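# Architecture at a glance
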Amino acid sequence: MRIRDITVTPVAFRDPPLLNATGVHEPWALRTVIQVHTDEGLTGLGETYGDLTHLNKVRDAAAALVGLDPYQLHAAYTRVITSVGAQVSTDQHGLTGAGSNQKTVDAVYSPFEVALLDIQGKAAGRPVVDLLGGAARPSVPYSAYLFYKWSRHPGEDEDAFGPALDPAGIVDQAHRFVADYGFASIKLKGGVLPPDQEIEAVRALREAFPDHPLRLDPNAAWTPATSIRVGRELDGIVEYLEDPAPDIAGMAEVARSVRVPLATNMCVVTHEHLPPAVAAGAIGVLLIDHHYWGGLVRSAQVAATCATFGIELSMHSNTHLGISLAAMTHLAAAVPQPTHACDTHNPWQDGQDVIAPGALRFVDGAVPVPEGPGLGVELDPDALAVLHEQYQRCDIRRRDDTTYMRRFEPDFQPKRGFW
């Protein structure tokens, strides 16, 4: 069996005005859908970022992979290394850590690896989780991912979610997500308001949801000193603080002074970051993300390394569609050690997707591992066409939360080590 050709399709879908430390989400989110077609009639699916610079790298890699045996993952990785060369992609929205050549290669390779595993699973009649060692759990718990947000994008009608700019709005948002999806854990995206106001919101969540694990993610908007103060104030209230301060050194300084575990998807984002983070004792929880850790197999290897050093796991989420949610679920189900509930933006997509409905669903806040072969999801060609047409019509070609925010607040500055 050989790769006959690869279809690369950029898509766009509506995104609410979700606030974060670098600005606000634009009206359209971008993703790229990968279809790897074989000469035996099997097609594998992958999904990745949609920013134009990344999209062009993906297109170059797709051309380099034609003719390869879908089982030769190492050969595929080598071809992507050659295709990417010395290029480095920078994080254009400032929320997932610094760029490097290895991270760039891994991000370009990831959707192809997922698609190749999808093909392998379909050929064997087995789910992808079995290719990763088998399911350690039948379903994967996810958290309610809360955001401060405006009621609407400026110039548009109010969206379906409404505003959330104070503790009452955040609690209302949590009630909606818990009621609709059954989430048993809650995460608040912080770094938007001064820390004391975000502490107030977390305390309001604790009062409203006394039994739900809570977490707060300010995306490195605080100094180490502020992080230590907040960590002490929220001791016993949050299960972990995610990236309160910038960089491994800053996180290590905080970790030495608080009992609350620190998590990251910003200071440890590629393999070369693990040794210094472990040596410094900077983190207690790693939020793995197969989109930039090199796919499912390499992410599972990182999970095993974390277990060796006593680092717990959760899972990072960027705005994504159902192909990614399926891949995330297979990966999290295959990790042997217990994990924290994973992050997902899925509820914010409000039903927009490129996969046929039915294969993925939330049951008591968890997604059962899809039962079909491969990823267990099928592409909806009509839905893909609609989202591709939206990509062609929208005027966004890279995510830029800061520039969009400055259209409405010209003096806005991204918050990094700010408070």
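Right above here is the structure, for reference.
The numbering scheme is per chain: residues are counted from 1 as the chain's sequence reads. Only residues with pLDDT of at least 70 get local features here, since the model is predicted, and only at 80 or more are side-chain atom pairs given and counted; chain-wide, interface and lining totals rely on the full set of residues. Each side-chain value is worked out from all heavy atoms of the structure, with water and hydrogens disregarded.

You can see Ala 255 is positioned in helix H8 (residues 247–255). The sequence separation of Ala 255 and Ser 89 amounts to 166 residues, and the corresponding C-alpha distance is 30 Å. Beyond its immediate sequence surroundings of up to four residues, Ala 255 is in contact with Leu 262, Gly 281 and Ala 282. Here a strand is any run of E in DSSP of at least two residues, a helix any run of H or I of at least four, and the numbering for each starts at the N terminus. Every residue pair with non-hydrogen atoms within 4.5 Å of one another is taken to be in contact.

This next bit is on the packing of aromatic side chains. Each pair of aromatic rings taken from Phe, Tyr and Trp, with Trp reduced to its six-membered ring, is defined by centres within 6.5 Å and is described as stacked if the planes are under 30 degrees apart, edge-to-face if over 60, and tilted in the remaining cases. Throughout the structure, instances matching the rule amount to 14 aromatic pairs. Between the aromatic rings of Phe 147 and Trp 348, the centroid separation amounts to 6.0 Å while the plane-to-plane angle is 85°, which identifies the pairing as edge-to-face. Taken together, the residues Phe 147 in strand S7 (residues 144–147) and Trp 348 in the loop between helix H12 (322–334) and strand S14 (366–368) connect sequence positions 201 residues apart. As far as burial versus exposure is concerned, Phe 147 and Trp 348 are alike and both buried. For the ring pair Tyr 181 and Phe 183, a centre distance of 5.3 Å and an interplane angle of 20° mean the geometry is stacked. Only protein chains enter the accessibility calculation, which uses a 1.4 Å probe; a residue whose area is less than 20% of its type maximum is buried, one above 50% is exposed, and one in between is partly exposed. On the accessibility criterion, Tyr 181 (23% relative accessible area) is partly exposed. Taken together, the ring pairs connect Tyr 142, Tyr 145, Phe 147, Phe 161, Phe 177, Tyr 181, Phe 183, Trp 348 and Phe 362 into an aromatic cluster. Lying across the ring of Phe 418, Lys 415 places its NZ or CZ 5.2 Å from the centre. Only when the NZ atom of a Lys or the CZ atom of an Arg is both within 6 Å of the ring centre and within 35 degrees of the ring normal do we say a charge sits over the ring.

This paragraph deals with unusual backbone geometry. Phi at Asn 219 is positive, roughly 50°, even though this residue is not glycine. Mapped onto the secondary structure, Asn 219 falls in the loop between strand S9 (214–217) and helix H7 (224–233). Asn 219 sits in the buried class, given a relative accessible area of 2%. Phi at Ala 220 is positive, roughly 60°, even though this residue is not glycine. Here Ala 220 lies in the loop between S9 and H7. Looking at Ala 220, the relative accessible area reads 1%, which means it is buried.

Looking at where His 291 falls in the secondary structure, it is placed in helix H10 (residues 290–293). Taking relative accessible area as the criterion, His 291 reaches 5% and is therefore assigned buried. Here a polar contact is taken to be a pair of N or O atoms separated by no more than 3.5 Å, where protein atoms must pair a possible hydrogen donor with a possible acceptor and residues adjacent in sequence count only if both atoms sit in side chains. In terms of polar contacts, His 291 uses its side chain to reach the side chain of Arg 31, at 3.2 Å. If sequence neighbours within four positions are ignored, His 291 has contacts with Arg 31, Glu 47, Thr 48, Tyr 49, Asp 106, Ala 107, Ser 110, Ser 324 and Met 328.

Turning next to the packing of helix H1 (residues 52–65) against helix H3 (residues 101–124). Only the stretch in contact is used when a helix axis is fitted, and all axes are lines through C-alpha atoms; the angle between N-to-C directions ranges over 0 to 180 degrees. Put simply, H1 and H3 touch, their axes get as near as 10 Å, and they point 60° apart. Regarding the angle of H1 to H3, the classification is oblique. Where H1 crosses over H3, the handedness of that crossing is right-handed. Contacts between H1 and H3 pair His 54, Lys 57, Val 58, Ala 61, Ala 62 and Leu 65 from the former with Thr 104, Ala 107, Val 108 and Phe 112 from the latter. Ten residue types, Ala, Val, Leu, Ile, Met, Phe, Trp, Tyr, Cys and Pro, are classed as nonpolar, four, Asp, Glu, Lys and Arg, as charged, and the remainder, Gly among them, as polar. Its residues assigned to classes, the contact of H1 with H3 shows 7 nonpolar, 2 polar and 1 charged. An angle counts as roughly parallel when it lies under 35 degrees, as roughly antiparallel when it exceeds 145, as roughly perpendicular when it falls between 65 and 115, and as oblique in every other case. If you view the pair so one helix is near and one far, a crossing is left-handed when the near helix is turned anticlockwise from the far one by less than a right angle, and right-handed when it is turned clockwise.

Purely geometric stuff here, so don't read any function into it on its own.
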